[in-house]
Amino acid sequence: MLAVAFIAFAMFQFVGDPISNLVGQDTSTEEREQLKQDLGLNDSIVVQFGHFIGNAVQGEFGKSYRLRKPVKELIAERFPATLELSLLSAFIALLVGIPMGVYTALRRDSWLAQGFMTLSLIGISLPTFLIGIFLILFFGVMLQWLPTFGRGETVDLGWWTTGFLTVSGWKSLIMPAITLAIFQMTLIVRLIRAEMLEVLRSDYIKFARARGLKERSISFSHALKNTLVPVITIIGLQIGSLIAFAIITESVFQWPGMGLLFIQAIEEVDIPIMSAYLLLIAFVFVLINLIVDVLYYAIDPRLRMN
Amino acid sequence: MVEYFIDLRQRFFASDIWWSFKSSPLVVIAAFITVIIIFSSVFASYVAPYNPFDLAQFDLMDALKPPAWMAEGTSKFLLGTDDQGRDVLSTILYGSRVSLLVGFLSVIFAMIIGIVVGLIAGYSGGWVDAVLMRIADVQLSFPAILIALLVDGIARGLLPKNSHDELAIYVLIVAIALSFWVQYARTVRSSTMVERTKEYVQAAQVIGLPKLLILFRHILPNVMGPVLVIATIQLALAVITEATLSFLGVGVPPTSPSLGTLIRVGNDYLFSGEWWITVFPGLALVILVLAVNILGDWLRDALNPKLR
């Protein structure tokens, strides 16, 4: 986290001159010096870094060079859109991916399982943005069922704007969420299948069969449960790529989330937004790691013993 | 000399790899497609029906013509034309050249960084190893595309604005390479640690060869196998990353479009019904990536003695 904070700070330091971004052409050298003094740019690097961290903790990242608005406001405006999109797509991916993975492991040789595996290979080879474009082409342009950009109507709940409460909000959400879900889904299917095949070969499954337990209870309460520990580790790590792929999805569907903000910031070299986004993501990563660790304890009783 | 090559040829056709290649039709098809795509994009200026960068060869009057089999299409343009009257098939051929070039160069660059870091970390051990691998771990926890985006963004900030378009392709190569080196470094490091304790390395140390010579002449050839497998799989990833970055508008500029740039440009015409400008470059990308992926998967399994 600190390492990322330092990179974000270094970006401020070395990329571009903040003074020339703030003042006009005809400002005199004295005025520039005065401004530099006021902004604390003449302090030592260590002091400046301290200020930077102090401000970041309070959520202050300065003003966007391009939009002339505080970064804090911009991010708060966009955050709900991204979160709703990511949550729904993670939900879809898990809801569809886990049963598909279990099925392909249990009925390995059936044609349906083979079909799922082929689909997942294609899913891995298809870049996210192409999935989005093809969805737009079929459901948006040809069939005209679903809107192709934006969030639709949103309901303002004061500090949170949600698209979950209106029909047009849901309609706009479907395609981006599916686009984002497909990549994770293919990964979850392959992972669960591989882990499950391993577990099914182990002794305690044989023993459970010998005890005459029902096949269903063996598959789900013995095999699946033991599959989940490594799967959760990797899914936790995958949340990072969820964020990265959200950038792409948001860009394809012009979804007004943080990813779109970040892409525009890169195009325009808008450093305050870039570094704020970076810090936010690092924070999310740390948070996810924490959640994953807690989940281990919830799933695996062996860890609770010591 | 000639006998040597004949012997080499016989050994190749008798090898396990050739056998496993022959016995999988999917892999043969994938290899065939890959070779065709590479060949036709390298020789794009001979294969393509038109040169999309030669202003004399396209005409605005031909703009937005649909593919040849549709009612308004002409046989002149097999896959239709784009908004400036350029033949879509030709732009795809030239575009895949840019995509493949960026893909290959970034993979090679990443490989060089990864091998050097891996060799040094694996051979020296101690704190050098700890520091290098900690950096690699931190980077590995971030998705590659995010890192490529960041490198790209920072480079844009550092470089003067008017040189963005000229340098874009090099920035892109470096950005992709910097986000992919970790895989190589980790693999090379672990095999170097194994090789280091072997007798031939100890012998080389005893006769007092310099460290660099031992690393690159003795250890490197023995750790290259897995590296080549990773490189094949990474090539597909690098092509996807390039396309994605270009699609997002931070990659190759429209003046020398790659497949990703073509898809980005065509995306604006999707809503007015000119779907072919986007869909054909998209399909080309999918076929290329799928073929390389299948080859990479096969190579990994064929070279892995455990799976035989």
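Being a predicted model, the structure only gives us computed values, none of them experimental.

1. Some points on the overall build of chain A
Helix and strand counts for chain A come out as 13 helices and two strands. Taken over 306 residues, chain A has a buried fraction of 46%. Considering only contacts within chain A whose residues lie at least 6 apart along the sequence, 69% involve residues at least 24 apart. In the structure as shown, chain A presents an accessible area of about 16,100 Å², 65% of it carried by carbon and sulfur atoms.

2. A look at the overall build of chain B
The secondary structure content of chain B amounts to 12 helices and zero strands. Written out in order from the N terminus, the α and β elements of chain B read α-α-α-α-α-α-α-α-α-α-α-α. With 308 residues in all, chain B has 49% of them scored as buried. Sequence-distant contacts, at least 24 apart, represent 70% of the contacts inside chain B between residues at least 6 apart. Here chain B has roughly 15,400 Å² of accessible surface; of this, 68% comes from carbon and sulfur atoms.

3. Let's talk about the nonpolar core
By size, the foremost hydrophobic cluster in this structure holds 106 residues, and its most contacted members are Phe129(A), Phe262(A), Leu149(B) and Leu285(B). Among the elements that make up this core, the one with the highest residue count is helix H10 (residues 211-247) of chain B (16 residues). Apart from the residues lying within four places of it in its own chain, the contact partners of Leu285(B) are Pro127(A), Phe129(A), Leu130(A), Val239(B), Ala243(B), Leu259(B) and Ile263(B). Residues Ile188(A), Met196(A), Ala208(A) and Ile218(A) belong to the second largest nonpolar core, which totals 18 residues.

4. Section: a nonpolar patch on the surface
Residues and elements named next belong to chain B. Residues Leu-101, Phe-104, Leu-105, Ile-108, Ile-112, Val-116, Ile-120, Leu-212 and Phe-216 make up a contiguous nonpolar surface patch of roughly 760 Å² in combined accessible area. Elements that contribute at least two residues to the nonpolar patch include exactly helix H5 (88-124) and H10. For Leu-101, a relative accessible area of 45% corresponds to the partly exposed category.

5. A few points about the pattern of salt bridges
Residue and element names in this part refer to chain B. The full count for this structure, using the stated rule, is two salt bridges over all chains. One salt bridge connects Arg-189 with Asp-129, and the closest N-O pair in it is separated by 2.6 Å. Here Asp-129 lies in helix H6 (residues 126-140) and Arg-189 lies in helix H8 (residues 164-196), a separation of 60 residues in the sequence. Exposure remark for Asp-129: the relative accessible area of 10% places this residue in the buried category. With a shortest N-O distance of 3.3 Å, Lys-198 and Glu-195 are connected by a salt bridge. For Glu-195, a relative accessible area of 9% corresponds to the buried category.

6. A word on the packing of aromatic side chains
Residue and element names in this part refer to chain A. The final tally for this structure, using the stated rule, is two aromatic pairs over all chains. Here Tyr-103 and Phe-116 contribute two aromatic rings whose centre-to-centre distance is 6.1 Å and whose plane-to-plane angle is 75°, an arrangement assigned as edge-to-face. One end of the pair, Tyr-103, is in helix H5 (residues 71-106); the other, Phe-116, is in helix H6 (residues 111-125), and 13 residues separate them in sequence. Judged by relative accessible area, Tyr-103 falls into the partly exposed class, the value being 29%. On the accessibility criterion, Phe-116 (18% relative accessible area) is buried.

7. A look at the interface of chain A and chain B
Each side of the interface is counted separately: chain A has 35 residues, and chain B has 35 residues. Of the roughly 3,200 Å² buried at the junction of chain A and chain B (both faces included), carbon and sulfur atoms supply 84%. Applying the counting rule to chain A against chain B returns zero salt bridges. Here chain A and chain B share zero residue pairs in polar contact (both at pLDDT 80 or more) between them. When contributions to the side of chain A that touches chain B are tallied by element, the ones reaching two or more residues are helix H1 (2-14), H6, helix H7 (128-142), helix H10 (215-252), helix H11 (258-268) and helix H12 (271-299) of chain A. Of the residues belonging to the side of chain A that touches chain B, the class tally is 28 nonpolar, six polar and one charged.

8. Focus: H10(B)
Helix length check: H10(B), at 37 residues, gives a terminal C-alpha distance of 45 Å against a target of 54 Å (1.5 Å per residue), a shortfall beyond 12%. At Leu220(B), H10(B) is deflected by roughly 60°, the largest bend along its length, and proline Pro221(B) occurs up to four residues later in sequence.

9. Here's the deal with the packing of H6(A) against helix H12 (residues 276-303) of chain B
Where H6(A) contacts H12(B), the two axes come as close as 9 Å, and the packing angle between them is 115°. Handedness of the H6(A)/H12(B) crossing: right-handed. Packed against H6(A), whose contacting residues are Leu121(A), Ile122(A), Ile124(A) and Ser125(A), the element H12(B) presents Val289(B), Leu290(B), Asn293(B), Ile294(B) and Asp297(B) at the interface. For the contact of H6(A) with H12(B), the class distribution of residues is six nonpolar, two polar and one charged.

10. A look at the packing of H5(A) against H6(A)
Residues and elements named next belong to chain A. One can describe the packing of H5 onto H6 by two numbers: an axis separation of 9 Å at closest approach and a directional angle of 125°. Classified by the angle between their axes, H5 and H6 sit oblique to one another. In the crossing of H5 with H6, the sense of the turn from one axis to the other is left-handed. For the pair H5 and H6, contact is made by Met-100, Tyr-103 and Thr-104 and by Leu-112, Ala-113, Phe-116 and Met-117, respectively.

11. Overview of the environment of Gly132(A)
Along the chain, Gly132(A) turns up in helix H7. Given a relative accessible area of 0%, Gly132(A) falls into the buried group.

12. As for the confidence of the model for chain B
Residue and element names in this part refer to chain B. Per-chain confidence: chain B averages 79 in pLDDT, with 84% of residues scoring 70 or above. By mean pLDDT, the top-scoring element of chain B is H5 (88), and the lowest-scoring one is helix H4 (residues 44-47) (71). This complex was scored by the predictor with a pTM of 0.77 and an ipTM of 0.71.

13. With respect to the environment of Asn293(B)
Structurally, Asn293(B) is set in helix H12. Since its relative accessible area comes to 12%, Asn293(B) is described here as buried. As a C-alpha pair, Asn293(B) and Leu209(B) span 84 residues in sequence and 41 Å in three-dimensional space. The contacts of Asn293(B), once residues within four sequence positions are left out, are Ile124(A), Ser125(A) and Ala236(B).

14. Brief notes about the environment of Val27(B)
Residues and elements named next belong to chain B. Residue placement: Val-27 occurs in helix H3 (residues 25-42). Take Val-27: its relative accessible area is 4%, and that puts it in the buried class. Contact partners of Val-27, with chain neighbours within four places excluded, come to Phe-21, Ile-294, Leu-295 and Trp-298.

So, how was this worked out
- Residues numbered from 1 in each chain as written.
- Chains lettered and ligands numbered in written order.
- Predicted model: local features only at pLDDT ≥ 70, side-chain atom pairs only at ≥ 80, totals over all residues.
- Heavy atoms only, no water.
- Helix = DSSP H or I, 4+ residues; strand = E, 2+ residues; numbered from the N terminus.
- Buried < 20%, exposed > 50% of the residue type's maximum accessible area, 1.4 Å probe, protein only.
- Contact = heavy atoms within 4.5 Å.
- Areas by Shrake-Rupley, 256 points an atom, 1.4 Å probe, with all protein chains shown as cover.
- Core = buried A, V, L, I, M, F, W, Y, C linked by side-chain atoms within 4.5 Å.
- Patch = residues over 30% accessible without salt bridge, like charges linked within 9 Å, V, L, I, M, F, W, Y side chains within 5 Å.
- Salt bridge = Lys/Arg side-chain N within 4 Å of Asp/Glu carboxyl O.
- Phe/Tyr/Trp six-rings, centres within 6.5 Å; stacked < 30°, edge-to-face > 60°.
- Buried area = accessible area lost by both parts, 1.4 Å probe.
- Polar contact = N/O pair within 3.5 Å; in protein donor to acceptor, adjacent residues only side chain to side chain.
- Nonpolar A, V, L, I, M, F, W, Y, C, P; charged D, E, K, R; others polar.
- Expected span 1.5 Å × (residues − 1).
- Bend = angle between axes of the 7 residues up to and from the residue.
- Axes fitted to C-alpha atoms, helices over the stretch in contact; angles between N-to-C directions.
- Left-handed = near helix turned anticlockwise from the far one by under 90°.
- Parallel < 35°, antiparallel > 145°, perpendicular 65-115°, else oblique.
- pLDDT = per-residue confidence, 0-100.

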